[in-house]
Protein chains: 2
Amino acid sequence: MADKKVEAITSRDVDFAQWYTDIVTKAELIDYSSLKGFTIMRPYAWAIWENIQKKFDDEFKRTGHDNVSMPLLIPESMLQKEKDLVEGFAPEVAWVTHGGSEKLEERLCIRPTSETVFCDHFAHVVQSYRDLPKKYNQWCSVVRWEKTTRPFLRGREFHWQEGHTLHETEQEAIDETLGMLDIYADVAERCLAMPVIKGQKTESDKFAGAEATYCIESMMHDGKALQAGTSHFFGQKFASAYDIQFTGRDNKLHTPWQTSWGVSTRLIGGIIMTHGDDNGLRLPPEIAPVQAVVVPVASHKPGVTEAAEKLVAALTAAGIRAKGDFSDNSPGWKFAEYEMKGVPLRIEIGPRDLEAGVCMFAHRTGGDKYQVKLDGVETSAKEALAKIQQELYDQAKENMEKYIYEADTLEEAAAQMAKHAGFVKMKWCGDPACEEAVKDRIGIGSRCIPFAQDKKAGVCPICGKPANTTVYWGLAY
Amino acid sequence: MADKKVEAITSRDVDFAQWYTDIVTKAELIDYSSLKGFTIMRPYAWAIWENIQKKFDDEFKRTGHDNVSMPLLIPESMLQKEKDLVEGFAPEVAWVTHGGSEKLEERLCIRPTSETVFCDHFAHVVQSYRDLPKKYNQWCSVVRWEKTTRPFLRGREFHWQEGHTLHETEQEAIDETLGMLDIYADVAERCLAMPVIKGQKTESDKFAGAEATYCIESMMHDGKALQAGTSHFFGQKFASAYDIQFTGRDNKLHTPWQTSWGVSTRLIGGIIMTHGDDNGLRLPPEIAPVQAVVVPVASHKPGVTEAAEKLVAALTAAGIRAKGDFSDNSPGWKFAEYEMKGVPLRIEIGPRDLEAGVCMFAHRTGGDKYQVKLDGVETSAKEALAKIQQELYDQAKENMEKYIYEADTLEEAAAQMAKHAGFVKMKWCGDPACEEAVKDRIGIGSRCIPFAQDKKAGVCPICGKPANTTVYWGLAY
């Protein structure tokens, strides 16, 4: 017997926040460092992130984007060139004041985001319309000195990708902004099994310096929203501030049009809160580091270990991320361990199975265990994984739909939120004061103006004026 | 005609340093940022780095290592726990003193390397021998406030991987240290076509806090050495300083044994200086972002563009990183451009080739162009790429062997170095004072004590005492 035990975790419906913390530590995703807001991503979390990165990166490359690497540090004067950006970020950046024993002439901030350095570079390398578009992306970590922090969801350091593109025309930049949002939505739904709502942020909620911010919003098991990715249309604001110009087809100087877009490790938080249950994590097969775990039962009996090893080899050869657990822990301990880790498919094999030429499949999404022939087990495993991927999506979709409410008045909205958090679909006149009033009076903020607008006319629940815009309101991580 | 021209670069033998700078800028690898020592890795350089990363990462994973992510910032008090480390790195770290508008209680340094944070984490997660070994790696950037900087070779920020492992026994840790050095040497020679000498650093040259530092040393075209990778055996020093202990098989508390090892983007500098020539970069096919470029000739003639497109598709389908250049630049311009970029294989196709069912292959390593049948072109291209990879290695190996000198006295060594820089093989008694004296008197430092020692006895060229250790001395980047 091993000295390690699988401990129970807090029930999801008793204390969602504690349940979340239990999972991030007990599934061995995170270790807290000695520095508040800075976490250690342990092998299992980093392997999930590598799989997520691969999914997005493949799409970025397929659509003609190049990865680059920009400096970690930004001189204060460079940050200050764009006033919205400096107002938005200056209060939360970390400042470097000394290099070695010498005091720096100018403070440098650790990048909270890299618009400034991309712009500085673009100004060097863009001269003519022939140099456009520039479609760049970088995978890195950024630092923002947040007051409250939570693993994956809000950290002083977090990992992300930031895409930065520059275009000859406004239309091309708008197409890029919306095209990347589509890619985000597709990867979220197809790979992370996380249904999302595509929409636009209101003026008060958009990115510092952007003309328009679009987002994908997903709903967690507790009915709160998670902003899972954002795509910004910058217009010419940054390009003007950083003196980026190009000679156009008409031989005159023009200012290019710009976008940026990002997803981060908060997606891992989203996966936990979308799919996890009282037994632990549940990982979508598309991004699970281990898709199938083979557990030998009564492994001391002749042939069992060998058969389990053969099974792992066959699954691996078929392109499935498979592992066998040949440790001396009990099968029961192992079952609990891999439930906690969210491994989508568990395959058991014991002496009797071996005799019958079968093994047993157990899905992390539930249902009875069932017998599968060893002959052709790879195909059965692939079918099972596809089914589990779909089940996770369907369950998440059902949860989301259950908690999307329609409300015409603040009272209706408040009553629904009092029963269970969710997205409230409610009209809005477009006045920021009314948006603020919704928050003040019933505590929910605008999540997004969904692309899918219903046609019916309505009135603003605050001012009573005619209002044709539907907004999703709710609580958010 | 495009507005961009391929410009000539400085000749390699006229001014090696200027030639290097010309290549890093004109092959579009690097852009200088506004901040000294911080460079922008443009798409082409980052694509090379991604390919290099993949080669190493595959080997790390194959040998049971897990990737993780550690915090970017380290509290000053944590750095100070190991005195050699703080003495070695404190003079060159960047200090963060403010988070947002608030002054921090304790200064934080941007990681110059991550031993401290790995140790802090290991202390949390290692309790028993069952938790060992821990074989971790992280890909990240680090910051060291260097006085003189040069793209890829020495920067205030650079990208690398740092492996950190913890073991139950001393032997296991030694095996790991040397095993990783073997992997470094293998990838350098097999993928980067860069011959290396495996050896150990002298005491004066080892890593701060290490018991022993091993290295792979390669030789650049100008005869100077480049330290291309290092692997350190830490013994129990760090583990003791950071209170890492585990319950052993004997049920008593023990201190584990530790290693660390790293390679960085300076390998790209090494590739440039090992393989580049007066026409630009020459990239080993194994890591070239574009392995084969297809250039249509007289592309206005019917069928040429279509045939070139088909060729690119066929090569791509066969797993070759191929691209076609269909721009309106002249073929001559394109030839120069891809020579500069170091694309290993150029394939030309024009109307007459098309008629004859052939295309023309030109190797970046030289030799005459030759005809290749379109039918089966994928196989021919793979053979050509394998040949180019081997040629690059052979040429680099020849260069290295030409400039390895044997010397018994300082005068001999100095005379050889005066003709052309290289590695001087010379005996050493082991006294650091004699090592220092070699440097003072003829300006060359010890590069390494090679694993391949010759048997013959000798005397130290400084003190005249019997000396059995052969050392490679030389100039280094």
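The rules behind the values
- Residues numbered from 1 in each chain as written.
- Chains lettered and ligands numbered in written order.
- Predicted model: local features only at pLDDT ≥ 70, side-chain atom pairs only at ≥ 80, totals over all residues.
- Helix = DSSP H or I, 4+ residues; strand = E, 2+ residues; numbered from the N terminus.
- Rg over C-alpha atoms; globule rule 2.2 N^0.38 Å.
- Buried ≥ 20, exposed ≤ 12 C-beta atoms within 10 Å, placed from the backbone.
- Contact = placed C-beta atoms within 7 Å.
- Axes fitted to C-alpha atoms, helices over the stretch in contact; angles between N-to-C directions.
- Parallel < 35°, antiparallel > 145°, perpendicular 65-115°, else oblique.
- Left-handed = near helix turned anticlockwise from the far one by under 90°.
- Nonpolar A, V, L, I, M, F, W, Y, C, P; charged D, E, K, R; others polar.
- Pairing = 2+ DSSP bridges.
- Core = buried A, V, L, I, M, F, W, Y, C linked by C-beta atoms within 7 Å.
- Least-squares fit on C-alpha atoms with pLDDT ≥ 70 in both.
- pLDDT = per-residue confidence, 0-100.

Here's the deal with the overall build of chain A
Step number 1: Helix and strand content of chain A: 14 helices and 25 strands.
Step number 2: Its C-alpha atoms give chain A a radius of gyration of 25 Å, near enough to 23 Å, the size a compact globule of 477 residues would have.
Step number 3: Here chain A holds 477 residues, and 49% of them are scored as buried.
Step number 4: Nonlocal contacts in chain A, meaning residues at least 24 apart in sequence, comprise 68% of its contacts between residues at least 6 apart.

Notes on the environment of A210(B)
All names here are of chain B.
Step number 1: Here A210 is to be found in the loop between β9 (196-200) and β10 (212-219).
Step number 2: Assessed through the 25 C-beta atoms surrounding it within 10 Å, A210 is described here as buried.
Step number 3: Here A210 is in contact with H232, F233 and F234, once residues within four sequence places are set aside.

Examining the packing of helix α13 (residues 410-419) of chain B against helix α14 (residues 432-442) of chain B
Residues and elements named next belong to chain B.
Step number 1: Following both chains from N to C, one finds α13 and α14 inclined at 50 degrees, their axes separated by 11 Å at the closest point. With respect to α14, the axis of α13 lies oblique. Judged by the twist between their axes, the crossing of α13 over α14 is right-handed. In this structure, α13 uses L410, A413, A414 and M417 to contact α14, whose residues at the interface are V438, R441 and I442.
Step number 2: The residue inventory of the contact of α13 with α14, partitioned by class, reads six nonpolar, no polar and one charged.

Observations regarding the pairing of strand β7 (residues 134-143) of chain A
Residues and elements named next belong to chain A.
Step number 1: Judged by how many residues are buried, β7 sits mostly within the fold: seven of 10 residues are covered.
Step number 2: Of the pairings in the sheet, the one linking strand β3 (residues 66-67) to β7 comprises two bridges and is parallel in character. Within the sheet, the bridge partner assigned to D66 lies in β7 and is Y136.
Step number 3: Bridge count for β7 against strand β8 (residues 157-167) is 10 bridges, and the pairing is antiparallel. Residue pairing across strands places K134 opposite L166, the latter belonging to β8.

Details of the nonpolar core
Step number 1: Ranked by size, the top nonpolar core spans 280 residues in total, and within it V294(A), L311(A), V294(B) and L311(B) carry the most contacts.
Step number 2: Ignoring any residue separated from it by four or fewer positions in sequence, one finds L311(A) in contact with V294(A), I347(A), I349(A), C359(A) and V377(A).

Some words on the environment of G276(A)
All names here are of chain A.
Step number 1: Inspection of the secondary structure puts G276 in the loop between α8 (266-275) and β15 (292-296).
Step number 2: Taking the C-beta count within 10 Å as the criterion, G276 has 25 such neighbours and is therefore assigned buried.
Step number 3: C-alpha separation for the pair G276 and T365, spaced 89 residues apart in sequence, amounts to 10.0 Å.
Step number 4: Setting aside its immediate chain neighbours within four residues, G276 contacts I23, L281 and R282.

Here we look at the interface of chain A and chain B
Step number 1: Across the boundary between the two partners, chain A contributes 46 residues, which contact 46 residues of chain B.
Step number 2: Contributions of two or more residues to the side of chain A that touches chain B are made by β2 (39-41), α2 (43-62), β3, β4 (73-75), β5 (94-99), α5 (115-125), β7 and β8 of chain A.
Step number 3: The leading source of residues in the side of chain A that touches chain B is β5(A), at six residues.
Step number 4: Grouping the constituent residues of the side of chain A that touches chain B by class yields 23 nonpolar, 14 polar and nine charged.

Quick word on the relation of the copies chain A and chain B
Step number 1: Note on the identical chains: chain A maps onto chain B by a rotation of 180 degrees and an axial translation of 0.0 Å, with an RMSD of 0.0 Å. Taken together, these values place the two copies in the relation of a two-fold axis. Minimal C-alpha distance to the rotation axis in chain A is attained by V96(A), lying at 2.1 Å.
Step number 2: Mapped onto chain B, 100% of the interface residues of chain A again fall at the interface, so both copies present the same surface.

Topic: the environment of Y136(A)
Residue and element names in this part refer to chain A.
Step number 1: Locating Y136 in the fold gives a position in strand β7.
Step number 2: Expressed as a C-alpha distance, the spacing of Y136 and A313, which sit 177 residues apart in the sequence, is 39 Å.
Step number 3: When neighbours within four sequence positions are excluded, Y136 is seen to be in contact with H65, D66, V68, F118, G163, H164 and T165.

What about the sheet that holds strand β21 (residues 423-428) of chain B?
Residue and element names in this part refer to chain B.
Step number 1: Here 11 strands make up an open sheet; going across it, the order is β3-β7-β8-β14-β11-β10-β9-β22-β25-β21-β20 and the pairing mixed. For this open sheet the edge positions go to β3 (66-67) and β20 (404-406), each flanked by a neighbour on one side alone.
Step number 2: Seen against the sheet, helix α6 (residues 170-190) touches β8 (157-167), β9, β10, β11 (225-235) and β14 (257-264) and runs at an angle of roughly 165 degrees to β11.
Step number 3: Across the sheet, α13 is in contact with β20, β21 and β25 (469-474); its angle to β21 comes to roughly 170 degrees.

Describing the pairing of strand β22 (residues 445-450) of chain A
All names here are of chain A.
Step number 1: For strand β9 (residues 196-200) and β22, the ladder comprises two bridges, and the chain directions are antiparallel. Following the sheet pairing, G199 is matched in β22 by P450.
Step number 2: As paired strands, β22 and strand β25 (residues 469-474) are joined by three bridges and run antiparallel to one another. Its bridge partner lying in β25, S446 is registered against W473.

A few points about the sheet that holds strand β4 (residues 73-75) of chain B
Step number 1: Here six strands make up an open sheet; going across it, the order is β4(A)-β6(A)-β5(A)-β5(B)-β6(B)-β4(B) and the pairing antiparallel. Bordering the open sheet on either side are β4 of chain A together with β4 of chain B, each of which pairs with just one other strand. When the angles between neighbouring strand axes are averaged without regard to direction, this sheet yields 45 degrees.
Step number 2: Note that β5(A) and strand β5 (residues 94-99) of chain B share five bridges and pair antiparallel. Bridge pairing in β5(B) places W95(A) opposite H98(B).

Focus: unusual backbone geometry
Step number 1: Each neighbour pair has its own omega, and for L132(A) with P133(A) the value is -5 degrees, a cis peptide bond.
Step number 2: Following the sequence through the fold, P133(A) ends up in the loop between α5 and β7.
Step number 3: We note that F152(A) has phi near 70 degrees; this positive angle belongs to a residue other than glycine.
Step number 4: Mapping F152(A) onto the fold places it in the loop between β7 and β8.
Step number 5: What makes F152(A) buried here is the crowd of 26 C-beta atoms within 10 Å.
Step number 6: Even without being glycine, N251(B) reaches a positive phi, approximately 65 degrees.

Brief notes about the confidence of the model for chain A
All names here are of chain A.
Step number 1: Taken over all residues, the pLDDT of chain A has a mean of 96, while the share at 70 or more is 99%.
Step number 2: Overall, residues 1-5 carries pLDDT values under 50, and its contacts beyond four positions in sequence, including any with other chains, amount to six contacts.
Step number 3: Scoring of the predicted complex yields 0.97 for pTM and 0.96 for ipTM.

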